[in-house]
Amino acid sequence: MTKPLIRIGEVARDAGVSVRAVRYYEQQGLLFPRRSASGQRLYRPDTVTLVRFIQQMYAAGLTSSRIAELLPCWDAGHTDPAQRAMLRAERERIQAKVDDLRAALDRLDEVIAITDTHP
């Protein structure tokens, strides 16, 4: 039994984004809704998870074109050598960003510790 399709407002609400963001993802070629007889966008329920993934990738600094390259990996669950290389390169870039943020957080903690002892 297939789950019923859901409307754009439900996708947005459940994913924690705006309806405008869901429309933008569609414009960028990241989402492909079906249309009802009256023209309303209809999505599979698992689109909510996909929208959350897209949000995370944007937050990590990926472009919409790079995210579009990732989607076949997401959908199919397997990759070719070029896709795996791209995935690893993005992972390394994100890890470097995390490391930089961790270093900044550690420095901020040092400043907070100093200021806590000297009011």
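Structure shown above.
Below is a summary of the structure that appears in this document. In this text, all values refer to a predicted model and were calculated from it rather than measured experimentally.

**Here's the deal with helix 4 (residues 64–76)**
- With 13 residues, helix 4 extends 19 Å from end C-alpha to end C-alpha; this agrees with the ideal 18 Å at 1.5 Å per step.
- In the structure, helix 4 departs most strongly from a straight axis at Leu-70, where the bend amounts to approximately 30° and where the proline Pro-72 lies between one and four residues downstream.
- Buried residues in helix 4 make contact with helix 3 (47–59) and helix 5 (81–117).
- Just past helix 4, the residue Gly-77 takes up positive phi, approximately 80°.

**Considerations on helix 3**
- The terminal C-alpha atoms of helix 3, which comprises 13 residues, lie 18 Å apart, in line with the 18 Å expected from a rise of 1.5 Å per residue.
- Buried within helix 3 are the following residues: Thr-47, Val-48, Leu-50, Val-51, Phe-53, Ile-54 and Met-57.
- Two residues or fewer after helix 3 comes Gly-61, characterised by a positive phi angle close to 100°.

**As for the packing of helix 4 against helix 5**
- Following both chains from N to C, one finds helix 4 and helix 5 inclined at 125°, their axes separated by 11 Å at the closest point. Viewed along their axes, helix 4 and helix 5 adopt a mutual orientation that is oblique. Classified by chirality, the crossing of helix 5 by helix 4 is left-handed. Side by side, helix 4 and helix 5 meet where Arg-66, Glu-69, Leu-70, Pro-72 and Cys-73 of the first sit next to Gln-83, Met-86, Leu-87 and Glu-90 of the second.
- Class assignment of the residues belonging to the contact of helix 4 with helix 5 gives a composition of 5 nonpolar, 1 polar and 3 charged.

**Some remarks on a nonpolar patch on the surface**
- Together, Leu-105, Leu-108, Val-111 and Ile-112 line one region of the surface with nonpolar side chains, adding up to about 330 Å² of accessible area.
- By the secondary structure assignment, Val-111 is in helix 5.
- On the accessibility criterion, Val-111 (47% relative accessible area) is partly exposed.

**Remarks on the sheet that holds strand 2 (residues 34–35)**
- Across the sheet, 3 strands lie side by side as 1-3-2; this open sheet has antiparallel pairing. Each edge of the open sheet carries a strand with a single partner, namely strand 1 (6–7) and strand 2.
- The sheet contact formed by strand 1 and strand 3 (residues 41–43) spans 2 bridges and is antiparallel. Paired with Ile-6 across the bridge in strand 3 is Tyr-43.

Criteria and thresholds
- Residues numbered from 1 in each chain as written.
- Predicted model: local features only at pLDDT ≥ 70, side-chain atom pairs only at ≥ 80, totals over all residues.
- Heavy atoms only, no water.
- Helix = DSSP H or I, 4+ residues; strand = E, 2+ residues; numbered from the N terminus.
- Expected span 1.5 Å × (residues − 1).
- Bend = angle between axes of the 7 residues up to and from the residue.
- Contact = heavy atoms within 4.5 Å.
- Buried < 20%, exposed > 50% of the residue type's maximum accessible area, 1.4 Å probe, protein only.
- Axes fitted to C-alpha atoms, helices over the stretch in contact; angles between N-to-C directions.
- Parallel < 35°, antiparallel > 145°, perpendicular 65-115°, else oblique.
- Left-handed = near helix turned anticlockwise from the far one by under 90°.
- Nonpolar A, V, L, I, M, F, W, Y, C, P; charged D, E, K, R; others polar.
- Patch = residues over 30% accessible without salt bridge, like charges linked within 9 Å, V, L, I, M, F, W, Y side chains within 5 Å.
- Areas by Shrake-Rupley, 256 points an atom, 1.4 Å probe, with all protein chains shown as cover.
- Salt bridge = Lys/Arg side-chain N within 4 Å of Asp/Glu carboxyl O.
- Pairing = 2+ DSSP bridges.

Function-wise, these values are silent; they only describe arrangement.
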